[in-house]
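Chain residues, written in single-letter form:
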Amino acid sequence: MKIRLLSIDFDGTLVSRVSEPVFDEHSLKLIGELQSKGVIFSINTGRSVDLLESGLTDFEFPVRPDFILTTEREVFRPGSNGEKWEPFGDWNERCARDHAELFSSAQSVLTEVVDFVTQKTKAQLLYHTEGLEGLRAENEEEMDRIIEFIEQARDPESKLHYQRNTIYLRFCHLDYHKGAALAELARLIDIPRQNIFAAGDHHNDISMLNGEVAGMPACPANAIDEVKTAVRGAGGYVARRQHGAGVREALEHFLV
């Protein structure tokens, strides 16, 4: 079997928040069958660990992931001391350190962004315990304007970047994203690029769908055009069906 590792986005890909059913039972059944044959299943999401766990519980997910990649950059494995999840290797520690250093050095640019968002938009700034995390725009058009400002304000040589998903944006270090987290997981469990299947639907998924870290990239029919372009450019599969049904269609394509 070519596929040895699955890296699948949660919202918009495995599950739908805009249509019923929320998830495709046949897709999850196929993922479970692949797991029983030794294929490793990871969810690669912008959600935090807690939000992902609540989603899995709320939707009564019938399949348990072997690993989770959260907040578009962290890597977790099942806990060894009764905990649900624990950091895998030192990746999360390095990630946190590099982000702390970055946000400290990029304060002047972030202040400019805050001023623009506050004075020129209706977007909501989002904070966590360590400071500014990101923002939520009123609509996609407003998000386009905000991103245009960020691109003008940030130093091209800086590592300050962002991850976008619909009307949400999270500031981040350029070197940490879904693709980098997947590459680290693959390194830790020793699975080569050509044996990795990845699926996603939005901007923040492109780093794992551009062919660099997954040899079998895919997206459901509801994916944005930029994602479809990236998947096609990497020789991947663009499904005709939406959400989880599209994931199943893509898996069946690569399993032939």
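The shown structure was predicted, so the numbers you read here are calculated from the model rather than taken from an experiment.

Visitor: Would you mind showing me how to read the pattern of salt bridges here?
Guide: If charged atoms from side chains of opposite charge come close, those side chains can pair. Tallying each qualifying case throughout the model produces 18 salt bridges. Notably, a salt bridge pairs Asp-11 with Arg-47, separated by 2.7 Å at the nearest N-O pair. Of this pair, Asp-11 sits in the loop between strand S1 (5–8) and helix H1 (25–36) while Arg-47 sits in the loop between strand S2 (40–44) and helix H2 (49–58), and the two are 36 residues apart along the sequence. Looking at Arg-47, the relative accessible area reads 13%, which means it is buried.

Visitor: I would appreciate a short explanation of the layout of surface pockets in the present structure.
Guide: Roughly 810 Å³ of internal volume is contained in the largest pocket. In terms of lining, the largest pocket is formed by 28 residues, of which the most central are Asp-11, Arg-47, Asn-165, Thr-166 and Tyr-168. Elements represented by at least two residues in the lining of the largest pocket include exactly strand S7 (131–136), strand S8 (160–165) and strand S9 (168–173). Take the lining of the largest pocket: its biggest share by element is three residues, from S9. Split by residue class, the lining of the largest pocket holds five nonpolar, 14 polar and nine charged. By volume, the second largest pocket amounts to about 450 Å³. Forming the walls of the second largest pocket are 21 residues, and the residues nearest its centre are Arg-73, His-99, Phe-103, His-128 and Glu-130. At the level of secondary structure, the elements contributing two or more residues to the lining of the second largest pocket comprise helix H3 (91–105), helix H4 (107–120) and S7. Considered class by class, the residues forming the lining of the second largest pocket number seven nonpolar, nine polar and five charged.

Visitor: Sorry, what's going on with the packing of H1 against helix H8 (residues 243–255) here?
Guide: The description of two helices packed together rests on the angle between their axes and the distance between the axes. Running from amino to carboxyl end, H1 crosses H8 at an angle of 40°, the nearest separation of the two axes being 8 Å. Taken together, the axis directions place H1 and H8 in an arrangement best described as oblique. Where H1 crosses over H8, the two elements pack in a sense that is left-handed. Residues His-26, Ser-27, Leu-30, Ile-31 and Leu-34 of H1 touch H8, and the partners they reach there are Gly-244, Val-247, Arg-248, Leu-251, Glu-252 and Leu-255. Across the contact of H1 with H8, the residue classes break down as six nonpolar, three polar and two charged.

Visitor: Any chance you could explain H1 here in plain terms?
Guide: It helps to recall that an α-helix has 3.6 residues per turn; residues three or four apart then point in one direction. Over its twelve residues, H1 extends 17 Å from the first C-alpha to the last, a length consistent with the 16 Å expected when each residue adds 1.5 Å. Among the residues of H1, Ser-27, Leu-28, Leu-30, Ile-31 and Leu-34 are the ones counted as buried. In a view along the axis of H1, the buried residues occupy a sector of 155°, so they form one face of it. More than 90 degrees from the buried face of H1, the exposed residues found are Glu-25, His-26, Lys-29 and Ser-36. For H1, the elements touching its buried residues are S1, S2 and H8.

Conventions and cut-offs
Residues numbered from 1 in each chain as written. Predicted model: local features only at pLDDT ≥ 70, side-chain atom pairs only at ≥ 80, totals over all residues. Heavy atoms only, no water. Salt bridge = Lys/Arg side-chain N within 4 Å of Asp/Glu carboxyl O. Helix = DSSP H or I, 4+ residues; strand = E, 2+ residues; numbered from the N terminus. Buried < 20%, exposed > 50% of the residue type's maximum accessible area, 1.4 Å probe, protein only. 1 Å grid on protein atoms, 1.4 Å probe; cavity = no way out; pocket = protein on both sides within 12 Å on 5 of 7 lines; lining within 4 Å. Points joined across faces, edges and corners; volume = space filled by probe spheres on them. Nonpolar A, V, L, I, M, F, W, Y, C, P; charged D, E, K, R; others polar. Axes fitted to C-alpha atoms, helices over the stretch in contact; angles between N-to-C directions. Parallel < 35°, antiparallel > 145°, perpendicular 65-115°, else oblique. Left-handed = near helix turned anticlockwise from the far one by under 90°. Contact = heavy atoms within 4.5 Å. Expected span 1.5 Å × (residues − 1). Arc of directions from axis to C-beta.

Function cannot be inferred from these measures alone, as they are strictly geometric.
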